[in-house]
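Inside the fold
Residue-level listing of the chains:
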Amino acid sequence: MKAVILGISGYTGMILLRMLADHPEVKEIIPVSSSKPGEKIIEIDPGIGKAVMEKTNASNNCTVEISHAITRKPDVVFAALPHLTSAVMCEPFFGNSVVIDLSADLRIKDPALFQKAYNAPTPAPHMLEKAVYGLSEIYENEIKKADVIANPGCYPTCILFPIIPLAAKNLIEGTIISNAASGISGAGKKATIGNLYVERTENMCAYLPGKTHRHYTEMKKEIDSFDSSIDLFFTPHLVPIKRGMYATSVVSLKSNVSAETVENAFNEYYANKKFILLKGGTLTETRDVWGSNRCDISWQIQDGKIILFSAIDNLIKGASGQAVQNMNLRFNFDETAGLRLYGEL
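How each quantity is defined
- Residues numbered from 1 in each chain as written.
- Predicted model: local features only at pLDDT ≥ 70, side-chain atom pairs only at ≥ 80, totals over all residues.
- Heavy atoms only, no water.
- Core = buried A, V, L, I, M, F, W, Y, C linked by side-chain atoms within 4.5 Å.
- Buried < 20%, exposed > 50% of the residue type's maximum accessible area, 1.4 Å probe, protein only.
- Helix = DSSP H or I, 4+ residues; strand = E, 2+ residues; numbered from the N terminus.
- Contact = heavy atoms within 4.5 Å.
- Salt bridge = Lys/Arg side-chain N within 4 Å of Asp/Glu carboxyl O.
- Pairing = 2+ DSSP bridges.
- Axes fitted to C-alpha atoms, helices over the stretch in contact; angles between N-to-C directions.
- Parallel < 35°, antiparallel > 145°, perpendicular 65-115°, else oblique.
- Left-handed = near helix turned anticlockwise from the far one by under 90°.
- Polar contact = N/O pair within 3.5 Å; in protein donor to acceptor, adjacent residues only side chain to side chain.
- Right-handed = clockwise from strand over helix to strand, strands pointing away.
- Expected span 1.5 Å × (residues − 1).
- Phe/Tyr/Trp six-rings, centres within 6.5 Å; stacked < 30°, edge-to-face > 60°.

1. Re the nonpolar core
The biggest cluster of nonpolar side chains holds 76 residues, and the ones touching the most others in it are L20, F78, I100, I172, I306 and M327. Broken down by element, this core gets its largest block of residues, 10 residues, from helix α8 (residues 154-168). Those residues in contact with L20 that sit more than four places away from it in its chain are A3, I5, V26, I29, K55, F78, V324 and M327. Listed in part, the 22 residues of the second largest apolar core include V4, F94, M127 and A150.

Below, the structure written as structure tokens:
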């Protein structure tokens, strides 16, 4: 199998390179960089080892222009590019390769909602109906048949997994209050003052609270597809860690919903899912999932409300890992190929 990575020099692109190097079904990786074309991969990412070099030999172990990648006729294309740019860059591959887009360009099918969230028109309106939302454990059947997969954002991945089984079973009501904390890598690999070590270390802050963060729209439209009566208030936070994401969400249970009913709902959705670990009342921690493609979920019921806790590695289950998982589903590979089930110590 031939795999193209668009945007090889960013964090998600670098992690994709490592995962595909370990993937038994991927025989050739075509690394594309518009900002650093022709550069040796080892110079862009000194941590890369021989396994990657073996799979990029056809590109002389250098990044290539997108025009070269098109001629290679890849089986799958991973687009690790900025929002509003990604879908445009993917245009030559639509209809010719399976495209897995890690940006937001194809996640929101309603152009008006996209405009509201990103203050710009949707960049590829003709592809919206073909794109499947790539929340792997929820839309597995649809992903297996899709040629265009819109990989979810990291906050939506972390927050939606514990909410969807409850919304789908009509067990909750009112407003979900969700607070989530992300490592600094969630902001991407760009030089901004707010991401400097001296700005972030020993510091924690909220930003874009309530309904103002662009991921709010993505999450709300997914919740609405299961129960449109539920509202959502979401506040993201930056914390001084490199990687990791933790979400705490609180919502009212409907009357007469028992703890057993809640547990059954989670088990029905996730008991056989390899990358979801249900921990019951044992609280999740980001260190347990660091480096893995897992989402750990725990919950507690107090005074008629359920408190939901979830943790992921924002760069893996929240980005590159879920993208590889979606490739595995689409091509009928072992779902765990190239991915870790366990966190690093």
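2. Thoughts on the pattern of salt bridges
Summed over the entire model, instances satisfying the criterion amount to 16 salt bridges. Note that E140 and K144 form a salt bridge whose closest N and O atoms lie 3.2 Å from each other. E285 is the salt-bridge partner of R287, the closest N and O atoms lying 3.1 Å from each other. Among the residues examined, E285 registers a relative accessible area of 36% and is labelled partly exposed. Each of E140, K144 and K273 takes part in a single network of salt bridges with overlapping partners.

3. Quick look at the sheet that holds strand β3 (residues 76-79)
Ordered in space as β2-β1-β3-β4-β6-β5, the six strands form an open sheet in which the pairing is parallel. Across the chains shown, the open sheet's two edge strands, defined by having one partner strand only, are β2 (28-32) and β5 (131-133). Each neighbouring strand pair of the sheet contributes to a mean axis angle of 20°, computed without reference to strand direction. Across three bridges, strand β4 (residues 98-101) lies against strand β6 (residues 148-150) in parallel orientation. From the neighbouring strand, D101 faces β6, where its bridge partner is A150. Contacts between helix α1 (residues 11-22) and the sheet are confined to β1 (2-6), β2 and β3, with β1 contributing the most and set at about 165° to the helix.

4. A short note on helix α10 (residues 214-224)
α10 sits mainly inside the fold: nine of its 11 residues count as buried. Considered for burial, the residues of α10 that qualify are H215, Y216, T217, E218, M219, K220, K221, E222 and I223. Looking at the packing, one finds that the buried side of α10 touches α6 (111-118), β5, α8, β7 (172-182) and β9 (231-238).

5. Overview of the packing of α8 against α10
Running from amino to carboxyl end, α8 crosses α10 at an angle of 25°, the nearest separation of the two axes being 9 Å. Accordingly, the angle class assigned to the pair α8 and α10 is roughly parallel. Read as a crossing pair, α8 and α10 show a hand that is right-handed. Listed contacts from α10 to C154, Y155, P156, I159, L160 and I163 of α8 are H215, E218, M219, E222 and I223.

6. Some remarks on unusual backbone geometry
Positive phi, normally seen in glycine, also occurs at D303, with a value near 50°. The residue D303 is located in the loop between β12 (295-302) and β13 (305-312) in this model. Although it is not a glycine, N332 sits at a positive phi angle of roughly 60°. Structurally, N332 can be placed in the segment after α12 (316-330). Residue N332 is classed as exposed on the basis of its relative accessible area, which comes to 70%.

7. A word on the side chain of N326
Topologically, N326 is positioned in helix α12. A relative accessible area of 0% places N326 in the buried class. Looking at N326, its side chain comes within polar contact range of the side chain of S136, at 2.7 Å. Side-chain polar atoms of N326 contact the side chain of N151, separated by 2.9 Å. Not counting residues up to four positions away in its chain, the partners in contact with N326 are I100, G134, S136, I143, I149 and N151.

8. Considering the pairing of β2
Most of β2 is tucked away, with five of its five residues classed as buried. Residues of β2 alternate between two faces, with E28, I30 and V32 on one and I29 and P31 on the opposite face, all of them buried. Note: β1 against β2, five bridges, orientation parallel. Following the sheet pairing, I5 is matched in β2 by P31. Regarding topology, α1 serves as the crossover connection from β1 to the parallel β2, and that connection is right-handed.

9. Considering α1
Look at α1: 17 Å from first C-alpha to last across 12 residues, which is about the 16 Å you get at 1.5 Å a residue. Three or more residues of α1 are buried, namely G13, M14, I15, L16, L17, M19, L20 and A21. On its buried face, α1 sits against β1, β2, α2 (41-44), α3 (50-55), β3 and α12.

10. Things to note about the packing of aromatic side chains
For the structure on display, the rule yields seven aromatic pairs. For the ring pair Y155 and F234, a centre distance of 5.2 Å and an interplane angle of 65° mean the geometry is edge-to-face. With Y155 in helix α8 and F234 in strand β9, this residue pair connects regions lying 79 residues apart in the sequence. Comparing Y155 with F234 shows no difference in burial state: the two are buried. Relative to F333, the ring of F331 lies with its centre 5.8 Å away and its plane at 15°, an arrangement referred to as stacked. Among the aromatic residues, ring-to-ring pairing joins F161, Y269 and Y270 into one connected group.

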